[in-house]
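# Results of the structural survey
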Amino acid sequence: MVLKKKKEIQVDAFFLDQQHLEKLQRFSKDGEQNLASLLLHCAQLSNGIQQIQCIKQIIPSVKKMDQNSPGDPMVKACLDILGEMYFSLSMKNPLKKVLASSLNCLPEQFMTLAVQSFACCLREELKTTDVYLYRKVLDSLASCMEDFNLGRTSIKNLFEEVLQFLQKSLLDIQEESRKKHGNHIVQTQLMHDLLTGIKVSMMLVQKLPENIQGSLWKHRESSVWQSMCSLLKSSTNFLMDGNLLQTVQSASGLAVILFIKTMYEPVEELPSLISGLLLGSVKHTGVPAWFVRNCGTLCMEEIPDSVLLFLCHGALAMLEWKNGSMGENGEKLLLDIASVLLSLSSELKESSMATSLSRILAIWTNSALAALVSCSPNLKLKLNGNCDLIGKLLEYVYTHWEHPLDAVRHQTKLIFKNLLQIHQHTVTGCNEKSDPFFARLLKHLLSLEWHVRGKYASLGSLVKCMGTEHILQLDRTIPAQILDVMKDQSLAPYASDLLETMFTNHKAHFTLNFQESTRIDQWHDIWVSPLLVVLCEGNHDQATYITDYCLPKLLKCSPDSLNYMIRVLQASAGANLGKKWLSFSLGSCSTRGALGALMACLRTARAHGHLELSNIISNGLVSTACIKQGLVHQHNQVCIDALGLLCETHRSTEIVSVEEMELIHFFLMYNLNNQSPSVRQQIGSLLRKLFCRIQESSQVLYKLEQNKAKQELLENSTKRHPLEILQQYKDFMSSVCNRLFEVLFPGSSHPTRFSALTILGLVAEIFSVPEGQPQVFRLDQEIDSTRVQTLLQCFASTFEAVKALAFGLLMKLRDVAFNLQDSENLGLLFEAAMDLSTSTKPYDCVTASYLLNYLVHYTGLQHICLGKCIEQNSHMDESTIVEKNTLAVIKLLLANVEEEILQAKKSLLPAAASFPMYGRVHCITGALQQLPLE
C-alpha cells in the first residue's frame, strides 16, 4: 500500500490598491474589530488560504451590527470594496466562490445596499471595450448566475445592459477572430471566448426568463427584443460557419433553438417550425419577418449536414419532451429528428462528427423514453420494436458496435439498452420472455460468433430484460461457451462482464422465487463447476484470465460459494474421486490441477476480503499441509498463487500470523533457485507486500502498546500481546535474513543469488524509517563482517545483475559495512580491484568497477590511494568525500594507463595491444558515474 502525499491547495491572494486601503484604515477603530478592520486585515494577508478563513468571518461580523448599521457610511464603503473584490477575482480562484457563499447569508436589511454596490461594480465591468478582456467579464456574469443571489439580482437590475454587452461582445470577438486569420494560437483563444459568450447568453435566457417574458417583450421595438434578435442572428451565423470549432457550432445549434423557442409565438406551432427546418420545407412566406431577417439562412432547401446535426441536438436538448407538452406536433418532430439522424449516419464519417452523431442518437433515445411516459397511441405504435424506425436504429447499432472509437462503442451500447426499454414502454403488459421482438433479438445475438465484441454488451442488456433462466432454457452451454472465449485476452474483459451479468441475474432470480438454500446447488452446477473445471484443466492463459477477470466477480456475487469451491477442490485434490467433472489431478508442470485451482480461489478470496486465512486453517477447511503442497508445486503459477495467499490481503495492517511465517520459511527453503525470471520477479513483488504488511501492522502495534484500552481490545481479538507479536516479527525477519545469507555462499547458482539479494534489498528498503520512530526490524543490526564479506564476494559473479544487486545492498548498509572492516582489509580490497582492472577478462574489469565504486564511499580511501596520511575535515559531507575519493582513483588509473602506453612504445607495440587498458577505461567510466556532476 503506497501512501500518496496530499497535494497542497494553492490559492492566489487578492490585493487592494492604496486608495481602498486608506479608506478602510479611516473606518477602522483602534482596539475594536469592525467590518472595515476585518477587511483591512484580510487584504494585508499574503496567503490565499488565510484570506479564505478571514472572509468566512464577514457574515458573523455583519450579523452583530444593530438595525441602524445599513445607514453607516462604513458599511457602504465595505460593500463597495467587496463588490470590486468579487469582480476582480478570476473564476477559478476559490476565494470567489467562498465570497459568494458568504454573501448569500447576508442579513436582509443589508441586501438593498449590497445590490446597489454590486450593480455599480457590474455596470463598470460592462463598460469593458477591450476584446481580450471580454472573457473575464463573461466569466463574472456566469459566476453571478450560479447560486449567487446577490449577483443574480444585480444582473436582473441591469438586464438590458447585460444583454447589450453580450450582443456586442459576440460580434466583436467574431470580428477580431477574422482579423487574426492565420494566427492559430490567438484564434483558438478567441474561439473559446466565443464559446463562453454563447453559453453565458443561453444561461441568461434560461435562468432569468421573467426579464424576457415581461412587459418589454410585448414591444417589438424594445431594446431587449432587438438584442435577442441580434443574439439569434449571431448564433445562426456561427452555426453556419464551417471555419469555427465544432464545439462553437454545436453550442450555437443549442442557442438557436433556445432563442427561437423563447421568441416564437404561438408556442404550439414551434415543433412544426423546427420540423420544417430539419426537413428543408420552411418557406419564407410562412414565417414571421423577424425570423427571416435573423435566421433565414436556415430556410434553405439544403443546409450542411453538420448544421442539421447540431440543430437536431439543439431540439433534443432545449425542448420539453416530458408530459406530452408539445402535443402531436412534438411527437412528429421526435420522429423527424430520428429520421434525419439516421440519414446523416451514412454521410458523417469523420471521427468527431461520428462521435457527435452517436451521442445525439443516444440523447434521442432518452428523449423518446421521456415522451413515452404520456404520449398518444400513435407514437407508441411508431416506436414499437417491430416498426421500421427501431429496425433502422438496431441496424445502426450492429454497424457501429465495433467502431474503432471508444466513445462511439459506448454510445452504441447505451442506444441498444434504451431501445429495449422503448419497446417495453410501447407494449402494455409486456412479457419479455414471450415477446416476439425480444425473441428475435435473442436469436440474432446468439447466432453471432463470439469474436464479435458488440455481442457481449447487447446480450448483457437483453439478459436484464428477459432473465438468465430464459436464455439458459434455449442453450444450456452458454456458460461454457463464454468461459471458452476467455482464452483470448482481447475478449476476456467483455466475456467476464457478460458472465457477471448472467450469474448475478440468475442468482437474484433464485433468491426472489425460491428458498436460496434449495437452489444454490443448481446455481453452483451451472456457474461455479464449469469455472473450476477450466481452472484445473484449462490452458495457462485461459486459467489466468478467469482468475483475474471472473473469479473476483463470482466471489463478490456469492461469497458463500467459496466454501463450496474449497470443499469440492479439497475432495478432488485429496481423493481424486467423484463425478467426472470432479476428477482433477493434483496438477503437473503444464496443468494446475485441483490443488492449483484451490490456491487460485483462496488467493483471490483473501485479496478481496472474503477470507480470513487463520479461520479456514483453524476450522480445518484447508490444512497447512495442503498449502505446503501448493508452495512446492511443480507448476510455477500454483506456487505463486500459494505464496500470494500468504502475502496478499485487502487490509495492509492485518497482523501476520505464526502459521503464515512458518509457511513463508517453508517456501524460501525450496523456491529461491527458480529458473524463471518472471517467477522470481513475482516472488519479489509478493514478498514486498508481506514485508510492508509487517512494517505497517508493527506501527499499529506500537501505538496500541501505548494505548492500554485499545491494547485490551486487540488482546481479546487475537489472544496475542502486541509486544509478543512484535518480537515474533523481529525473530521472523531475522531468520529470513539468515536463510538468505546462507544461500549466498561461493558457488551458489545465479537464480539463488539473484532471488536472495533481491529479497534482502526489499528488506533494507522497507524496514528503514526516520530516526526516532520505533522500528520492528533493522537489517543493519543483522550484519557482521562475515556477511559483508559474503556480499563483496558476489561482485565476483559472472552475472552483472548479481553484482548490481550486491552493490545496491552494500550502499544501503555502507556505514555498518565500513565500520565492520579495518583499513587493512579495505586496502587489500583496493589492491584487488586495481589488479582486476588489468585483467584480460571483461567480467573481471566489471568487478573492479563495482569494487571501486563501493570503496569511494570510504573516508580513508585517499590515504590508501596515495600511500600517505591525508588529513580529513571532520565536517566534510559524504558527497565531498565521494568526489575527492573518485578523483584520486581516476588519477591513479590514468597514471597506470600512461605507464602502460610508455611500455607499449618501448616494446614497439601499439597501445591498443595492451588489453588491460580496457579494464582501466571501464573502471574510470564506472568511477566517473559516482561524481556529483551536473
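Residues numbered from 1 in each chain as written. Predicted model: local features only at pLDDT ≥ 70, side-chain atom pairs only at ≥ 80, totals over all residues. Heavy atoms only, no water.

## Some thoughts on the overall build of the chain
A count of helical and extended segments in the chain gives 47 helices and 0 strands. Scored against the burial criterion, the 934 residues of the chain give a buried share of 53%. Excluding contacts between residues fewer than 6 apart, the proportion of contacts in the chain whose partners are at least 24 apart in sequence is 72%. With an accessible surface of roughly 43900 Å², the chain has 52% of that area assigned to carbon and sulfur atoms. (Helix = DSSP H or I, 4+ residues; strand = E, 2+ residues; numbered from the N terminus. Buried < 20%, exposed > 50% of the residue type's maximum accessible area, 1.4 Å probe, protein only. Contact = heavy atoms within 4.5 Å. Areas by Shrake-Rupley, 256 points an atom, 1.4 Å probe, with all protein chains shown as cover.)

## What about helix 7 (residues 111-126)?
A rise of 1.5 Å per residue sets the reference length of helix 7, with its 16 residues, at 22 Å; its end C-alpha atoms lie 22 Å apart and thus fit the reference within 8%. The complete set of buried residues in helix 7 reads Met111, Leu113, Ala114, Val115, Ser117, Phe118, Ala119, Cys121, Leu122, Glu125 and Leu126. Residues of helix 7 that are buried in the fold lie against helix 5 (73-88), helix 6 (94-103), helix 8 (134-144), helix 9 (149-157) and helix 10 (159-179). (Expected span 1.5 Å × (residues − 1).)

## Quick word on a nonpolar patch on the surface
A cluster of nonpolar side chains, contributed by Val632, Met669 and Tyr670, occupies part of the molecular surface with about 310 Å² of accessible area. Looking at the element boundaries, Val632 is found in the loop between helix 33 (624-631) and helix 34 (636-647). (Patch = residues over 30% accessible without salt bridge, like charges linked within 9 Å, V, L, I, M, F, W, Y side chains within 5 Å. Salt bridge = Lys/Arg side-chain N within 4 Å of Asp/Glu carboxyl O.)

## Quick word on the packing of aromatic side chains
Given two aromatic rings, their pairing is described by the distance between the two centres and the angle made by the two planes. By the definition in use, this model includes 22 aromatic pairs. Here a set of aromatic residues connected by ring pairs shows up, and it is made of Tyr86, Phe87, Phe118 and Phe148. Cation over ring: Lys96 sits above Tyr86, and NZ or CZ is 4.3 Å from the ring centre. (Phe/Tyr/Trp six-rings, centres within 6.5 Å; stacked < 30°, edge-to-face > 60°. Lys NZ or Arg CZ within 6 Å of the ring centre and 35° of its normal.)

## Points about the nonpolar core
Counting 310 residues, the largest nonpolar core has Ile260, Ile337, Trp364, Leu687, Phe691 and Tyr854 as the members making the most contacts within it. Among the elements that line this core, the one with the most residues is helix 36 (residues 677-706), at 11 residues. Beyond its immediate sequence surroundings of up to four residues, Tyr854 is in contact with Val788, Leu792, Phe795, Phe807, Leu810, Met811, Ala817, Phe818 and Gln821. (Core = buried A, V, L, I, M, F, W, Y, C linked by side-chain atoms within 4.5 Å.)

## Describing the side chain of Thr649
Following the sequence through the fold, Thr649 ends up in the loop between helix 34 and helix 35 (658-671). Sequence-distant contacts of Thr649, that is, excluding residues within four places in its chain, are made with Arg606, Ala607, Glu654 and Arg693.

## A few points about the confidence of the model for the chain
Counting all residues, the mean pLDDT for the chain is 85, and 87% of those residues have values of 70 or more. Segment residues 868-872: pLDDT under 50, and 6 contacts once partners within four positions in sequence are set aside and those in other chains are kept. Long-range and interchain partners of residues 909-915, a stretch whose pLDDT sits below 50, account for 9 contacts in this model, where long-range means more than four residues apart. (pLDDT = per-residue confidence, 0-100.)

## Overview of the pattern of salt bridges
Counted under the stated rule, the structure contains 22 salt bridges. In this structure, the salt-bridge partner of Lys168 is Asp172, at a minimum N-O distance of 2.7 Å. On the criterion of helical spacing, the pair formed by Lys168 and Asp172 is a turn pair, its members being 4 residues apart in helix 10. What makes Lys168 partly exposed here is its relative accessible area of 40%.

## Structural notes on the packing of helix 10 against helix 13 (residues 223-240)
Here helix 10 crosses helix 13 at 25 degrees, and the two axes come no closer than 9 Å. Taken together, the axis directions place helix 10 and helix 13 in an arrangement best described as roughly parallel. Judged by the sense of rotation from one axis to the other, the crossing of helix 10 with helix 13 is left-handed. Here helix 10 contributes Phe159, Glu160, Leu163, Gln164, Leu166, Gln167, Leu170, Leu171 and Gln174 to the contact with helix 13, which in turn contributes Ser223, Val224, Ser227, Met228, Ser230, Leu231, Ser234, Asn237 and Phe238. Of the residues belonging to the contact of helix 10 with helix 13, the class tally is 9 nonpolar, 8 polar and 1 charged. (Axes fitted to C-alpha atoms, helices over the stretch in contact; angles between N-to-C directions. Parallel < 35°, antiparallel > 145°, perpendicular 65-115°, else oblique. Left-handed = near helix turned anticlockwise from the far one by under 90°. Nonpolar A, V, L, I, M, F, W, Y, C, P; charged D, E, K, R; others polar.)

## Looking at the packing of helix 1 (residues 18-27) against helix 5
Packing of helix 1 against helix 5 leaves a shortest axis separation of 10 Å and a crossing angle of 150 degrees. Regarding the angle of helix 1 to helix 5, the classification is roughly antiparallel. Between helix 1 and helix 5 the crossing geometry is left-handed. Contact residues: helix 1 offers His20, Lys23, Leu24 and Phe27, while helix 5 offers Pro73, Met74, Ala77, Cys78, Ile81 and Glu84. The residue makeup of the contact of helix 1 with helix 5, split by class, is 7 nonpolar, 1 polar and 2 charged.

## Notes on the state of the cysteines
One pass over the structure, following the stated rule, counts 0 disulfides. The thiol of Cys42 is unpaired, and the distance to the nearest cysteine sulfur, on Cys54, comes to 3.8 Å. (Disulfide = S-S within 2.5 Å.)

## Things to note about helix 2 (residues 35-44)
Most of helix 2 is tucked away, with 8 of its 10 residues classed as buried. Where helix 2 is concerned, the buried positions are Leu35, Ala36, Ser37, Leu38, Leu39, Leu40, Cys42 and Ala43. Looking at the packing, one finds that the buried side of helix 2 touches helix 1, helix 3 (48-55), helix 4 (58-63) and helix 5.

## Overview of the side chain of Lys96
Note on placement: Lys96 falls in helix 6. For the buried Lys96, which has no salt bridge, the nearest side chain bearing the opposite charge is Glu125, at an N-O separation of 7.5 Å. (Lys, Arg positive; Asp, Glu negative; His and termini not counted.)

## Let's talk about the environment of Ser28
When you line up the elements, Ser28 lands in the loop between helix 1 and helix 2. Considered as a pair, Ser28 and Leu38 are 10 residues apart in the sequence and their alpha carbons are 8.6 Å apart. Among all residues touching Ser28, those that are not within four sequence positions of it are Asn34, Ala36, Ser37 and Leu40.

## Describing unusual backbone geometry
With glycine set apart, most residues show a phi of negative sign, and most peptide bonds adopt trans. Here Glu265 and Pro266 are connected by a cis peptide whose omega angle stands at -5 degrees. A positive phi angle, close to 55 degrees, is found at Asp147, a residue other than glycine. Of note, Asp147 is situated in the loop between helix 8 and helix 9. Asp147 sits in the exposed class, given a relative accessible area of 62%.

## Looking at the environment of Ser102
Note on placement: Ser102 falls in helix 6. Distance from Ser102 to Phe148, taken between C-alpha atoms, is 9.6 Å for residues 46 residues apart in sequence. For Ser102, the residues in contact, after removing those within four places along its chain, are Ile55, Lys56 and Ile59.

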